[in-house]
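Letter by letter, the chains look like this.
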Amino acid sequence: MTNNGKLYYKTCRENAGLTQEQAAVLLGVEPATLSRYENGHIPVSQELAAAMVKVYRTPSLGSWHLRHANPDLAWCVPEVVKPITDGCAAFQMENAEDDISTVRAAVKLILRDGRVTQEEAEKLKVSASTLRNVANRVLSAATYLEKREACAEEVSSSDG
């Protein structure tokens, strides 16, 4: 499962500071099998995704997995999930960056000739919606990081 060529299971593992071998042990799979999951060669089961969420300390990976593993249910899984861990904040920023790249490329193609057909207008509408979701994810991550900064300042002022 990739988005814009990005391997989010791998990204979350790396954000957690785990090697593929370490993660494989914690997840109860072989490193070669984990590599196949991370590279999108085999689908990640709900059970393995749940284990990754716990091991990688990235609950937002679970929401992302649900949205992408079952498109029929994607509509009822929130696009923006409030980050509750450092891994979630990092994941949301990575995911937002990829969506911005995708939207930028699509909009650039549509607007290049200065005319917008009805079909292109629909694509622009989807692009605008995606950008709103990106803005919400980025704002959510920024709010989380501001709270982390405030906590860090409290710790350093109490140490002094």
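Residues numbered from 1 in each chain as written. Predicted model: local features only at pLDDT ≥ 70, side-chain atom pairs only at ≥ 80, totals over all residues. Heavy atoms only, no water.

Caption draft 1: Just the overall build of the protein chain, in detail. A tally of regular secondary structure across the protein chain gives seven helices and two strands. Beginning at the N terminus, the succession of helices and strands in the protein chain can be written as β-β-α-α-α-α-α-α-α. Seen through its principal axes, the protein chain has C-alpha atoms that stretch 60 × 45 × 25 Å. Counting across all 160 residues of the protein chain, residues that qualify as buried make up 32%. Nonlocal contacts in the protein chain, meaning residues at least 24 apart in sequence, comprise 64% of its contacts between residues at least 6 apart. Accessible area of the protein chain: about 9,700 Å², with a carbon and sulfur share of 56%. Of the side chains in the protein chain, 18 bear a positive and 21 a negative charge, and the two mean positions are spaced by 5 Å. (Helix = DSSP H or I, 4+ residues; strand = E, 2+ residues; numbered from the N terminus. Buried < 20%, exposed > 50% of the residue type's maximum accessible area, 1.4 Å probe, protein only. Contact = heavy atoms within 4.5 Å. Areas by Shrake-Rupley, 256 points an atom, 1.4 Å probe, with all protein chains shown as cover. Lys, Arg positive; Asp, Glu negative; His and termini not counted. Charge placed at Lys NZ, Arg CZ, Asp CG, Glu CD.)

Caption draft 2: A look at the side chain of T85. As for its placement among the helices and strands, T85 is situated in the loop between α5 (59–69) and α6 (86–111). Within the local environment of T85, its side chain forms a polar contact with the backbone nitrogen of C88, the two atoms lying 3.0 Å apart. (Polar contact = N/O pair within 3.5 Å; in protein donor to acceptor, adjacent residues only side chain to side chain.)

Caption draft 3: Layout of the side chain of S60. Its place among the elements puts S60 in helix α5. Of the residues examined, S60 reaches a relative accessible area of 4% and is grouped as buried. Other than its neighbours up to four places away in sequence, S60 contacts C88, F91 and Q92.

Caption draft 4: Seen up close, the pattern of salt bridges. The final tally for this structure, using the stated rule, is five salt bridges. The salt bridge involving E38 is made with R13; its shortest N-O contact spans 2.5 Å. Within this pair, whereas E38 is found in helix α3 (residues 31–38), its partner R13 is found in helix α1 (residues 8–15), the two being separated by 25 residues in sequence. Among the salt bridges present, the one from D99 reaches R137, with a minimum N-O distance of 2.6 Å. Taken together, the residues D99 in helix α6 and R137 in helix α7 (residues 118–159) connect sequence positions 38 residues apart. On the basis of relative accessibility, which here comes to 11%, the residue D99 falls in the buried class. (Salt bridge = Lys/Arg side-chain N within 4 Å of Asp/Glu carboxyl O.)

Caption draft 5: Focus on the packing of aromatic side chains. The tally for this structure, following the rule as stated, stands at four aromatic pairs. With a centroid separation of 5.6 Å and an interplanar angle of 75°, the aromatic rings of Y9 and W64 are classed as edge-to-face. Note that Y9 is positioned in helix α1 and W64 in helix α5, a separation of 55 residues in sequence. Grouping residues by exposure puts Y9 and W64 together as buried. (Phe/Tyr/Trp six-rings, centres within 6.5 Å; stacked < 30°, edge-to-face > 60°.)

Caption draft 6: A look at unusual backbone geometry. Even without being a glycine, R57 presents a positive backbone phi close to 55°. Its place among the elements puts R57 in the loop between α4 (46–56) and α5. According to the relative accessible area criterion, R57 is partly exposed, its value standing at 48%.

Caption draft 7: Main features of α6. For α6, spanning 26 residues, the distance from its first C-alpha to its last is 37 Å, which sits close to the expected 38 Å at 1.5 Å a residue. Taken residue by residue, α6 has G87, C88, A89, F91, Q92, N95, A96, D98, D99, V103 and I110 as its buried positions. (Expected span 1.5 Å × (residues − 1).)

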